[in-house]
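Residue-level listing of the chains:
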Amino acid sequence: MFPGIPHLLESNFSKLEHLFESPDVHFYTREVYITDDEMSVATRLAEVNKKFKDKVVIGSYPKLDNSYYQVKATLQSEEEEPVEEAYRHLLSLLPPEVIVKYEPCPAEHAASRVYELAEQCPLVKHAITVIEDCLNRYKLSEMCISFNGGKDCTMLLHLIYAALQKLYPDRTESLQLLYIRCDLPFPEVELFIHESADRYGFHLVCLPGRIKESLSLLKQQEPEMKAIAMGTRRTDPHAADLESFVMTDSDWPQFMRVQPILDWHYDDIWKFLRQLCLPYCSLYDKGYTSLGSMHNTHPNPQLKFLDARGRVKYSPAYKLHDGTLERNNRY
């Protein structure tokens, strides 16, 4: 038992790894990610523990802030077969619908997973084609990704990272994320933006003010910048007739707007994010379906419900059935 906040402690274990290494000891581990809360699965975990306690160590770790699961169960032993047997037994006790095929580090295998999806999904294939075209046209120092923490640019960020991982696996140059900060951003959004930059190893550039003025400032600060990758979709305001590559209007700072996901719909975005277990801003799990500033953004009324105690709650954004209503929370 270790004191302190678990995720902060875990982040420092890698620095102490050499103190615990032993060439003579090898542990076999299995993990099961469960959508039910810990109380709901305690009896089943106890049953597995009772049957295998002499050879397998069972762990149960609640996760209150994860978008995909509530409990991670671990099974560990110095012998492989007891772990596999305990794993199979636990799976047999749990309802299939509460077991999540969770990927803890989706960025690690981004290229293989995304390019595999591209062979099955025309939308992914087209997006990757546009991104690869962009990477052929521009140096990394000549392009950036517009990133405001929303679901669309979160997906775009992962797509671009996957392409970089495949095409330039040994690159040392960092791509820039452009965050144009509104006057009253959500703290959850800002936290997620910084976490995303760290997760993918990209350099975050934060500029205040309106978009046009911020792009003028970007042009002054980064005169070599030529292209901005954006998570624009045709259902966005004034985007119905856009193409994948289009210059900004003549009275704007001149950048090539690169838009790989124009033809994606609301449901497509969420299917991609959740299929790959990608982290996204926590506000989406609180009923927000489109993110703006704290002035004009609220949970979507289409997702409102009353819980068993009569309290007003909101379902997660991915449960919105009619994607045309995604901006109904922006007033």
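Cut-offs used in this document
- Residues numbered from 1 in each chain as written.
- Predicted model: local features only at pLDDT ≥ 70, side-chain atom pairs only at ≥ 80, totals over all residues.
- Heavy atoms only, no water.
- Salt bridge = Lys/Arg side-chain N within 4 Å of Asp/Glu carboxyl O.
- Helix = DSSP H or I, 4+ residues; strand = E, 2+ residues; numbered from the N terminus.
- Buried < 20%, exposed > 50% of the residue type's maximum accessible area, 1.4 Å probe, protein only.
- 1 Å grid on protein atoms, 1.4 Å probe; cavity = no way out; pocket = protein on both sides within 12 Å on 5 of 7 lines; lining within 4 Å.
- Points joined across faces, edges and corners; volume = space filled by probe spheres on them.
- Axes fitted to C-alpha atoms, helices over the stretch in contact; angles between N-to-C directions.
- Parallel < 35°, antiparallel > 145°, perpendicular 65-115°, else oblique.
- Left-handed = near helix turned anticlockwise from the far one by under 90°.
- Contact = heavy atoms within 4.5 Å.
- Nonpolar A, V, L, I, M, F, W, Y, C, P; charged D, E, K, R; others polar.
- Disulfide = S-S within 2.5 Å.
- Arc of directions from axis to C-beta.
- Phe/Tyr/Trp six-rings, centres within 6.5 Å; stacked < 30°, edge-to-face > 60°.
- Lys NZ or Arg CZ within 6 Å of the ring centre and 35° of its normal.

For the structure shown, the criterion picks out 14 salt bridges. We note a salt bridge from Asp251 to Lys212, for which the minimum N-O separation is 3.9 Å. Of the two residues, Asp251 sits in the loop between strand E9 (245-247) and strand E10 (256-258) while Lys212 sits in helix H8 (residues 211-221), which places them 39 residues apart along the sequence. On the basis of relative accessibility, which here comes to 52%, the residue Asp251 falls in the exposed class. A residue is classified by how much of its surface remains accessible, and Lys212, at 29% relative accessible area, is partly exposed. Taking the shortest distance from any N to any O, the salt bridge between Asp263 and Arg234 comes out at 2.6 Å. Remark: Arg234 occurs in the loop between strand E8 (227-229) and E9 and Asp263 occurs in the loop between E10 and helix H9 (266-275); sequence separation between them is 29 residues. Since its relative accessible area comes to 28%, Arg234 is described here as partly exposed.

This brings us to the layout of surface pockets. Quantified by volume, the second largest pocket comes out at close to 1600 Å³. Lining the second largest pocket are 44 residues; nearest its centre among them are Ser146, Asn148, Ile211, Met230 and Arg330. Only helix H6 (151-167), strand E6 (176-181) and H8 provide two or more residues apiece to the lining of the second largest pocket. Per-element accounting of the lining of the second largest pocket gives the leading share, four residues, to E6.

As a further point, take the environment of Lys51. Relative to the helices and strands, Lys51 resides in helix H2 (residues 38-52). Judged by its relative accessible area of 53%, Lys51 is exposed. Note: C-alpha distance between Lys51 and His89 (38 residues apart in sequence) is 9.6 Å.

With that out of the way, let us pick up the packing of helix H5 (residues 122-137) against H6. As a packed pair, H5 and H6 sit with axes 10 Å apart at the nearest point and diverge in direction by 60°. Of the possible angle classes, the one that applies to H5 and H6 is oblique. Here H5 runs over H6; the crossing is right-handed. Touching Val124, Ala127, Ile128, Ile131, Glu132 and Leu135 of H5 are Leu156, Leu159, Ile160, Ala163, Leu164 and Leu167, all from H6. In the contact of H5 with H6, the residues fall into 11 nonpolar, no polar and one charged.

Moving on to the packing of H6 against H9. Relative orientation and spacing of two packed helices are given, respectively, by the angle between their axes and the distance between those axes. The contact between H6 and H9 brings their axes to 10 Å, and the two run at 50°. The orientation of H6 with respect to H9, classified from their angle, is oblique. In this structure, the crossing between H6 and H9 has a hand that is left-handed. Contacts between H6 and H9 involve Lys151, Asp152, Thr154, Met155, His158 and Leu159 on the former and, on the latter, Tyr266, Ile269, Trp270, Phe272 and Leu273. Here the residues of the contact of H6 with H9 are counted per class, giving seven nonpolar, two polar and two charged.

Take the state of the cysteines next. In total, this model carries zero disulfides according to the counting rule given. Here Cys105 is not disulfide-linked; the sulfur of Cys277 is the nearest cysteine sulfur, at 11 Å. The exposure class of Cys105 is partly exposed, given its relative accessible area of 41%. The thiol of Cys281 is unpaired, and the distance to the nearest cysteine sulfur, on Cys153, comes to 10 Å. Since its relative accessible area comes to 1%, Cys281 is described here as buried.

Let's shift gears to H9. Among the residues of H9, those classed as buried are Tyr266, Ile269, Trp270, Phe272 and Leu273. One face of H9 carries all of its buried residues, which in axial projection span an arc of 160°. Buried residues belonging to H9 abut helix H4 (110-118), H5 and H6. Count one or two residues on from H9 and you reach Cys277, which has phi positive near 55°.

Counted according to the given criterion, the structure contains 15 aromatic pairs. Between Tyr33 and Tyr69, the aromatic rings sit 4.8 Å apart at their centres with planes inclined by 65°, giving edge-to-face as the arrangement. Residue Tyr33 is located in strand E1 (residues 28-34), and its partner Tyr69 is located in the loop between strand E2 (57-62) and strand E3 (71-77); the two are separated by 36 residues in the primary sequence. Since its relative accessible area comes to 6%, Tyr33 is described here as buried. Members of the aromatic cluster, joined through ring pairs, are Tyr33, Tyr68, Tyr69, Tyr102, Trp270, Tyr280, Tyr284 and Tyr318. The ring of Tyr87 carries Arg30 above its face, with NZ or CZ at 4.1 Å from the centroid. Its guanidinium or amino end placed over the ring of Phe245, Arg137 lies 3.8 Å from that ring's centre, counting from NZ or CZ.

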